Amino acid sequence: MALSDQVDNYCERIGPDFWSEPLNAVSNAAFLIAAFAAFVLWRRNTPDDLPAFALIAIVVATGIGSFLFHTFATRWASLADVIPIALFIHGYLFFALKRYLELPWWGALGIVVVFFAASPFAARALAPLTGSSSGYVPALMALYTVGALFVRRNRPLGSLVLLTGLLFTVSIGMRMLDEPICAQLATGTHFLWHILNGIVLYLLLRVLILQRAG
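Every value quoted in this text rests on a predicted model; they were computed, and no experiment measured them.

(A) Spotlight on helix H8 (residues 190–213). Counted at 1.5 Å a residue, the expected span for H8 with its 24 residues is 34 Å, and the 35 Å between its end C-alpha atoms agrees. Positive backbone phi, at 80 degrees, marks glycine 214, one or two positions downstream of H8.

Structure below.
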């Protein structure tokens with residue numbers, strides 16, 4: 001299959017035109033707003049924290065990549081969508097393990113490598129229950145696990161991680177509902193996945209920045 005081949009994965013898309021998914025496309029502004037808000041927080045508290053800045057930049061790339069996917073709707077645009085998301089998940093997990101749980105860098109890296117290798121198998125096992133959203137469930141499980149361990153060290157920020165996990169659960173639910181609810185709601189619910197994930201990413205960055213700021 002060619003990278004230029006078009007795909008139709010979402011309820012809102014009704015044709016091959018650029019603006020066939022207006023809500024799905026425009027709702028990607030949530031990622032840019034989240035990145036801007038996180039940048040302001042970063043600039044005020046930890047302007048020397050380059051890993052946090054890199055993750056903020058990845059959130060910007062996520063918004064742009066997702067916009068491209070929901071407008072061009074091609075396989076190359078799909079890569080522009082999923083690659084930044086994967087970079088954020090694995091990059092954030094590494095720094096969460098290192099900073100929140102105080103693991104040595106090699107221990108954090110080892111866990112990330114195992115997580116990366118095991119995630120596709122977990123996603124396939126969960127696919128009958130969660131469909132195309134199964135790829136995000138390992139990240140959700142990691143979020144709850146890190147949050148539960150972190151809350152013992154820092155109750156306010158650890159609790160915020162767990163709260164973010166709950167929000168991410170709702171977000172995945174909105175992604176799963178997109179096709180089943182399509183006959184009743186022509187716009188689908190995928191745009192809510194974008195909006196909620198913008199909030200999720202901001203909250204995760206907020207924890208990272210505030211933890212570093214002490």
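(B) Broad picture of the environment of threonine 62. Position of threonine 62 among the secondary structure elements: in helix H3 (residues 50–72). As for threonine 62 and asparagine 9, which are separated by 53 residues in sequence, their C-alpha atoms are 18 Å apart. Each residue touching threonine 62, except ones within four places of it in the same chain, is listed here: Phe31, Pro84 and Ile85.

(C) Structural view of the state of the cysteines. Under the definition given, this model contains 1 disulfide. What pairs with cysteine 11 in a disulfide is cysteine 182, and their sulfur atoms sit 2.0 Å apart. The sign of the S-S torsion, about 85 degrees, decides the handedness of the disulfide formed by cysteine 11 and cysteine 182: right-handed. Residue cysteine 11 is located in the segment before helix H1 (22–26), and its partner cysteine 182 is located in the loop between helix H7 (155–177) and H8; the two are separated by 171 residues in the primary sequence.

(D) Up close: the pattern of salt bridges. The full count for this structure, using the stated rule, is 4 salt bridges. Linking arginine 13 and glutamate 21 is a salt bridge whose minimum nitrogen-to-oxygen distance equals 2.6 Å. By relative accessible area, which is 2% here, glutamate 21 ends up buried. Among the salt bridges present, the one from glutamate 102 reaches arginine 153, with a minimum N-O distance of 3.4 Å. Here the residue glutamate 102 occupies a position in the loop between helix H4 (75–100) and helix H5 (105–130), and arginine 153 occupies one in the loop between helix H6 (137–150) and H7, the gap between them amounting to 51 residues.

(E) Up close: unusual backbone geometry. The phi dihedral of alanine 73 falls on the positive side, at around 55 degrees, and the residue is not glycine. Take alanine 73: it is sitting in the loop between H3 and H4. Even without being a glycine, glutamate 102 presents a positive backbone phi close to 60 degrees.

(F) View of the environment of leucine 162. Considering the arrangement of structural elements, one finds leucine 162 in helix H7. Sequence-wise, leucine 162 and threonine 145 are 17 residues apart; in three dimensions their C-alpha atoms are separated by 8.7 Å. Not counting residues within four places of it along the chain, the set of residues in contact with leucine 162 comprises Tyr144, Gly147 and Ala148.

(G) The arrangement of the environment of alanine 57 in detail. Note that alanine 57 resides in helix H3. By relative accessible area, which is 38% here, alanine 57 ends up partly exposed. Sequence-wise, alanine 57 and phenylalanine 39 are 18 residues apart; in three dimensions their C-alpha atoms are separated by 9.0 Å.

(H) Layout of a nonpolar patch on the surface. Taken together, the side chains of Leu3, Phe18, Trp19, Val26, Phe72, Trp76, Leu79, Val82, Ile83 and Leu87 make up a nonpolar region of the molecular surface, amounting to roughly 930 Å² of accessible area. Of all the elements, H4 adds the most residues to the nonpolar patch, at 5 residues. Within the secondary structure layout, leucine 87 lies in helix H4. Judged by relative accessible area, leucine 87 falls into the partly exposed class, the value being 48%.

Definitions and limits used
Residues numbered from 1 in each chain as written. Predicted model: local features only at pLDDT ≥ 70, side-chain atom pairs only at ≥ 80, totals over all residues. Heavy atoms only, no water. Helix = DSSP H or I, 4+ residues; strand = E, 2+ residues; numbered from the N terminus. Expected span 1.5 Å × (residues − 1). Contact = heavy atoms within 4.5 Å. Disulfide = S-S within 2.5 Å. Salt bridge = Lys/Arg side-chain N within 4 Å of Asp/Glu carboxyl O. Buried < 20%, exposed > 50% of the residue type's maximum accessible area, 1.4 Å probe, protein only. Patch = residues over 30% accessible without salt bridge, like charges linked within 9 Å, V, L, I, M, F, W, Y side chains within 5 Å. Areas by Shrake-Rupley, 256 points an atom, 1.4 Å probe, with all protein chains shown as cover.

Any functional reading would require information that these geometric values do not contain.
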